[in-house]
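Chain by chain, the residues run as shown.
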Amino acid sequence: MKLYSYWRSTTSFRVRAALNLKGVAYEIVPVDLAAGAQRQASFRALNPSAGVPALVLDDGSVLTQSLAIIDYLDALWPAPRLLPADPLARARVLAIAHGVALDIHPVNNLRVLAALSDRFGADEAQKTQWMRHWMAEGFAAIEAQLAHATLFAFGDDPDLADLCITGQCLNADRWGLPLDPYPRIAQIREACMGVAAIRAAHPDVQPDRKDPS
């Protein structure tokens, strides 16, 4: 299978980490978001939303949206499980994952940043303030929902919540948001980076990595 991915994309990070954890072989096809490759007609034909990741299965089926892709992977390759089977535990994991994917990430992506500058005249300092504000607000809510006696978000093994949290922490690093007010989030990120399969999904070790500008 082929994963259309961008090295700095936190949504791509989630899927790379999930594939690595499950030991599923895949080929990365880089999509340079900074250069606008996602807007080319050939890629839009693959993913009309013009975003990454997109996972092309061996039979040619195309899956989009990171959480949907991971749900599919969990159904076909259930070990290690990233979404609990127990309904209550599953709901708690999804609440954290959605807190990142639906509350924080949508206002922290390239399209929003471009609109802030192109349509509303925001300068770099203002865009940085924007990014930090929404991450801080989201992290505060997530921190309050996390279990406090476990290595990862809800247990001794990483799950979907951990992958989403860690991906968003990469954005916090990029935009200079300290994690000191969120000790559980910082602990989860450290624990995830101690797992080889997750560390292999880190932006800095991707084949399409470029020096940040």
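None of these values were measured; they are calculated from a predicted model.

Procedures and definitions
Residues numbered from 1 in each chain as written. Predicted model: local features only at pLDDT ≥ 70, side-chain atom pairs only at ≥ 80, totals over all residues. Heavy atoms only, no water. Helix = DSSP H or I, 4+ residues; strand = E, 2+ residues; numbered from the N terminus. Buried < 20%, exposed > 50% of the residue type's maximum accessible area, 1.4 Å probe, protein only. Lys, Arg positive; Asp, Glu negative; His and termini not counted. Salt bridge = Lys/Arg side-chain N within 4 Å of Asp/Glu carboxyl O. Contact = heavy atoms within 4.5 Å. 1 Å grid on protein atoms, 1.4 Å probe; cavity = no way out; pocket = protein on both sides within 12 Å on 5 of 7 lines; lining within 4 Å. Points joined across faces, edges and corners; volume = space filled by probe spheres on them. Nonpolar A, V, L, I, M, F, W, Y, C, P; charged D, E, K, R; others polar. Phe/Tyr/Trp six-rings, centres within 6.5 Å; stacked < 30°, edge-to-face > 60°. Expected span 1.5 Å × (residues − 1). Bend = angle between axes of the 7 residues up to and from the residue. Polar contact = N/O pair within 3.5 Å; in protein donor to acceptor, adjacent residues only side chain to side chain.

With that settled, consider the side chain of arginine 184. Turning to its location among the elements, arginine 184 is positioned in helix H8 (residues 183-193). Here arginine 184 occupies a buried position and makes no salt bridge, while the nearest side chain of opposite charge, glutamate 143, is found at 6.1 Å. In this structure, arginine 184 is in contact with Glu143, Leu146, Ala147, His148, Thr150, Leu151, Phe152 and Ala153, ignoring residues within four places of it in sequence.

Its boundaries defined by the atoms lining it, the largest pocket holds a volume of some 1200 Å³. Forming the boundary of the largest pocket are 44 residues, of which Leu33, Asn108, Asn109, Leu110 and Arg111 lie nearest the centre. Sorting elements by how many residues they give to the lining of the largest pocket places helix H5 (residues 110-118) first, with 4 residues. Partitioning the lining of the largest pocket into residue classes produces 17 nonpolar, 16 polar and 11 charged.

Summed over all chains, the structure comprises 4 aromatic pairs. Ring centres of tyrosine 4 and phenylalanine 43 lie 6.0 Å apart, and the angle between their planes is 45°; this geometry places the pair in the tilted category. Taken as a pair, tyrosine 4 in strand S1 (residues 2-5) and phenylalanine 43 in helix H2 (residues 41-46) lie far apart in primary sequence, 39 residues in all. In terms of burial, tyrosine 4 and phenylalanine 43 fall into one category: buried. Ring centres of tryptophan 130 and tryptophan 134 lie 5.8 Å apart, and the angle between their planes is 70°; this geometry places the pair in the edge-to-face category. Here the residue tryptophan 130 and the residue tryptophan 134 both occupy positions in helix H6 (residues 124-145), the gap between them amounting to 4 residues, near one helical turn. The class of tryptophan 130 is partly exposed, set by a relative accessible area of 27%. Given a relative accessible area of 27%, tryptophan 134 falls into the partly exposed group.

With that out of the way, let us pick up helix H4 (residues 87-104). In a regular helix each residue adds 1.5 Å, so 18 residues correspond to 26 Å; H4 covers 24 Å between its end C-alpha atoms and thus fits that length. For H4, the principal kink sits at histidine 98 and spans about 30°. The complete set of buried residues in H4 reads Val93, Ile96, Ala97, Gly99, Val100, Ala101 and Ile104. For H4, the side-chain oxygen to backbone nitrogen distance between the N-cap and leucine 88 is 3.2 Å, and the N-cap itself is aspartate 86.

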